[in-house]
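Take a look at the letters that make up each chain.
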Amino acid sequence: MTQDELKTLVGQAALHYVEPGSIVGVGTGSTVNKFIDALASMKDRIAGAVSSSVASTERLQALGIKVFDAAEVDELAVYIDGADEIDHAGYMIKGGGAALTREKIVAAQSRKFVCIADESKLVQTLGNFPLPVEVIPMAAQRITRQFAALGGVAALRLKEGVPLVTDNGQHILDVTGLKITDPLGFETQVNQWPGVVTVGVFAFQKANVCLLGAPGGVKTMVF
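Residues numbered from 1 in each chain as written. Predicted model: local features only at pLDDT ≥ 70, side-chain atom pairs only at ≥ 80, totals over all residues. Heavy atoms only, no water.

**So, the UniProt feature "active site" (unreviewed entry) in the chain**
To keep it simple, the criterion reads: UniProt positions are given in the numbering used here, feature names are shortened, and annotations may be inferred rather than shown by experiment. The way it works is that DSSP assigns letters per residue, a run of H or I at least four long becomes a helix, a run of E at least two long becomes a strand, and they are numbered from the N terminus. Buried residues are those whose accessible area, probed at 1.4 Å on protein chains only, stays under 20% of the maximum for their type, while exposed residues exceed 50% and partly exposed ones sit between those limits. Two residues qualify as a contact provided that any one of their heavy atoms is within 4.5 Å of a heavy atom in the partner residue. Whenever two N or O atoms come within 3.5 Å, that pair is a polar contact, provided that in protein one can donate a hydrogen and the other can accept it, and provided that, for residues adjacent in sequence, both atoms are side-chain atoms.
With numbering aligned to this structure, UniProt lists the feature "active site" (unreviewed entry) at Glu 103. Relative to the elements of secondary structure, Glu 103 occurs in helix H4 (residues 100-108). Overall, the relative accessible area of 3% leaves Glu 103 in the buried class. With sequence-adjacent residues up to four places away left out, Glu 103 is seen in contact with Thr 28, Ser 52, Tyr 79, Asp 81, Lys 94, Gly 95 and Phe 202. Side chain to side chain, Glu 103 and Lys 94 meet in a polar contact 3.2 Å long.

See below:
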């Protein structure tokens, strides 16, 4: 099976975790797009969705699924999102699609986080995928130096030759050279640095379930 077919497989499998009549937390990215397409098949059996990005909101609305603002909803039963990396404890690196801050907000609002990914995303130790960190632009240079002190190399993410601007109006640093052996401690540490909006380690908002697409079918991991 191609990677695209694996994404379709786990996107459809995630429907099992959607409660009828509920408002569903929806993430961002190519795998989540497959879930959104599958969710359209049961749009008349859910109340709607809370979305983590402008792109996902537009896709949901185009398929006739009502999108609520996060502030309109107290708690979500489930949040469905992908990952750039996930380890065997359910800790993740996310933010390759630049929506990490809103993803973390919606994840924190949800009772259960179901991660959907293909098996290439499963790792022993986080850090091979460049770690996204959303930052306030004036702090970017100092934060780059702080990562250098940890052995990391931070690069400003560009789009069409200029700094990418997130949905929140901020910039993103992508950090390579890290081995994140203590995700909870690392997330706590980087969150303290002035100017960091969100670090793309999802340890406090880790996955409860991961649906991994593999050639033999969907593998379910429970954490």
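**Re the pattern of salt bridges**
Just so we agree on the cut-off: By definition here, a salt bridge exists when the distance from a side-chain nitrogen of Lys or Arg to a carboxyl oxygen of Asp or Glu is within 4 Å.
Applying the stated criterion across every chain, the model contains nine salt bridges. Between Glu 75 and Arg 111 there is a salt bridge, and its shortest N-O distance comes to 2.9 Å. Taken together, the residues Glu 75 in the loop between strand S3 (67-68) and strand S4 (76-81) and Arg 111 in strand S7 (residues 110-118) connect sequence positions 36 residues apart.

**Description of helix H6 (residues 183-191)**
This is how the line gets drawn: Each C-beta atom gives one direction from the helix axis, and the arc is the one those directions make.
Within H6, burial applies to Pro 183, Phe 186, Glu 187 and Val 190. Buried residues of H6, viewed axially, fall in a sector of 100°; they line one side. For H6, the secondary structure elements touched by its buried residues are H4, strand S8 (131-135), helix H5 (140-149), strand S13 (196-199) and strand S14 (201-202).

**Quick notes on the sheet that holds strand S12 (residues 171-176)**
To keep it simple, the criterion reads: Think of it this way: DSSP has to see at least two bridges between two strands before they count as a pair. Lines fitted to the C-alpha atoms define the axes, with helices restricted to the stretch that makes contact. Angles between their N-to-C directions range from 0 to 180 degrees.
Across the sheet, which stays open at both edges, the four strands sit in the order S9-S12-S8-S13 with antiparallel pairing between neighbours. Unpaired on one side and paired on the other, strand S9 (153-156) and S13 mark the two borders of the sheet. Geometrically, the sheet is characterised by an average inter-axis angle of 30° between neighbouring strands, direction not taken into account. Contacts from H4 reach S8, S12 and S13 within the one sheet, and its direction differs from that of S13 by about 70°.

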